[in-house]
Amino acid sequence: MRIRKHKWTQKELQINKAIVQDGTVHKGKWNEFFGNDNPIHIELGSGKGGFFAEMSLQHQDINYIAIERQTEIIVSGARKIRELKERGSEVDNLAFLRGDARDLLDYFEEGEICQVFINFCDPWPNRKKWHKRRLTHHSFLEIYRKLLSANGEIHFKTDHTELFEFSLNEFSDNNWKLKNISLDLHNSNFEDNIMTEYEQKFFEKGMVIYRLEAICLKDKLK
């Protein structure tokens, strides 16, 4: 996907207080960044952050951190949130972190996160050796396990059948308790689903969406 560059990107990076360019500075101190002791939820590969923007409006008692590698994308999302705040919307519980999932242990202290959202990540489908790049690969699951608080959760959605099957096995084989598994989310009885931008496009095309929740069972590790 070609990423559009904007002339105002650098200025937005300077003036937008919701954008965090160096997550290591706040490691273990994210509650100080938000100014409260509310639980912290993160989304990996958040794009422009529309999903977490809606979540933050609905749940003011939770702090949300949208994590995205691409500067242009995350700045574009943060700009929209700044403009909403200037018009009076209360979205002080949302931050945008420019970073990579592989570096999460540099951004957060162990047990600092309560929930991880992984929505429509790259399935890396063509070569088996690429599977280790999947955000539900067991190497990433071990990172999440360290960062999640006791009984913390991962919420995962995808349109990719093989990735979902792979993920089910990875969670099951690595001592995660699964719940609310849906093989067709939009034709299920699951309530309160908030769609991402990708999900909206898939839904309009009639594509099946898979979803699961996985609970971190730290106390039952062998």
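One structure accompanies this document, and this report is about it. What you see is a predicted model, and the numbers here were worked out from it, not measured in a lab.

### Focus on the overall build of the protein
Helices and strands together make up the secondary structure of the protein, namely eight helices and eight strands. Taking 2.2 N^0.38 as the reference for a compact globule, 222 residues should give roughly 17 Å; the C-alpha atoms of the protein span a radius of gyration of 17 Å, in line with that estimate. Oriented by its inertia axes, the alpha-carbon framework of the protein measures out at about 45 × 40 × 35 Å. Within the span of the protein, comprising 222 residues, buried residues form 47% of the whole. Within the protein, counting contacts between residues at least 6 apart in sequence, those at least 24 apart form 75% of the total. Surface accessibility of the protein: about 12,200 Å² in total, with carbon and sulfur atoms responsible for 45%. Distance from the positive charge centre (34 side chains) to the negative charge centre (35 side chains) of the protein: 7 Å.

### A closer look at the pattern of salt bridges
Taken as a whole and judged by the stated rule, the model has nine salt bridges. One salt bridge in this structure joins Arg134 and Glu162, with 2.5 Å as the shortest N-O distance. Taken together, the residues span a long stretch of sequence, with Arg134 in the loop between strand 5 (113-119) and helix 6 (138-147) and Glu162 in helix 7 (residues 161-173) at a distance of 28 residues. Exposure remark for Arg134: the relative accessible area of 0% places this residue in the buried category. Given the relative accessible area of 33%, Glu162 is considered partly exposed. The closest approach of N and O atoms between Lys179 and Glu213, which form a salt bridge, is 3.7 Å. Residue Lys179 is found in strand 7 (residues 176-182), and its partner Glu213 is found in strand 8 (residues 210-216); the two are separated by 34 residues along the sequence. For Lys179, a relative accessible area of 30% puts it in the partly exposed group.

### Let's talk about unusual backbone geometry
Although it is not a glycine, Asn151 adopts a positive phi angle of roughly 60°. Here Asn151 lies in strand 6 (residues 148-158). You can call Asn151 exposed: its relative accessible area is 54%. With phi around 50°, Asn180 is a residue other than glycine that occupies positive phi space. By the secondary structure assignment, Asn180 is in strand 7. Relative accessible area serves as the criterion here: at 43%, Asn180 is assigned to the partly exposed category.

### Some remarks on the nonpolar core
One finds Ile42, Leu44, Leu104, Phe108, Tyr144 and Ile154 to be the most contacted residues of the largest nonpolar core, which totals 36 residues. With five residues, helix 6 is the single largest residue contributor to this core. Sequence-distant contacts of Leu104, that is, excluding residues within four places in its chain, are made with Ile42, Leu44, Ile67, Ile143, Tyr144 and Leu147. One finds Tyr64, Ala66, Val91 and Leu94 within the second-largest nonpolar core, a separate group that totals 19 residues.

### Observations concerning the pairing of strand 5
With six of seven residues buried, strand 5 is to be regarded as a mostly interior element. Summarising the sheet, strand 2 (residues 40-44) and strand 5 pair through four bridges and their orientation is parallel. If you follow Leu44 over to strand 5, its bridge partner there is Ile118. One crossover worth recording links strand 5 to the parallel strand 6 by way of helix 6, and it is right-handed.

### Overview of the sheet that holds strand 5
Taken in spatial order, the eight strands of this open sheet run 1-4-3-2-5-6-8-7, and their pairing is mixed. A single partner strand is all that each edge strand has here, and the edge strands are strand 1 (19-20) and strand 7. Sheet analysis places strand 5 next to strand 6, joined by six bridges and oriented parallel. Considered in strand 6, the bridge of Gln115 is made with Glu153. Across the face of the sheet, helix 3 (residues 50-58) comes into contact with strand 2, strand 3 (63-68), strand 4 (94-98) and strand 5 while running at roughly 175° to strand 3.

Reading guide: rules and limits
Residues numbered from 1 in each chain as written. Predicted model: local features only at pLDDT ≥ 70, side-chain atom pairs only at ≥ 80, totals over all residues. Heavy atoms only, no water. Helix = DSSP H or I, 4+ residues; strand = E, 2+ residues; numbered from the N terminus. Rg over C-alpha atoms; globule rule 2.2 N^0.38 Å. Buried < 20%, exposed > 50% of the residue type's maximum accessible area, 1.4 Å probe, protein only. Contact = heavy atoms within 4.5 Å. Areas by Shrake-Rupley, 256 points an atom, 1.4 Å probe, with all protein chains shown as cover. Lys, Arg positive; Asp, Glu negative; His and termini not counted. Charge placed at Lys NZ, Arg CZ, Asp CG, Glu CD. Salt bridge = Lys/Arg side-chain N within 4 Å of Asp/Glu carboxyl O. Core = buried A, V, L, I, M, F, W, Y, C linked by side-chain atoms within 4.5 Å. Pairing = 2+ DSSP bridges. Right-handed = clockwise from strand over helix to strand, strands pointing away. Axes fitted to C-alpha atoms, helices over the stretch in contact; angles between N-to-C directions.

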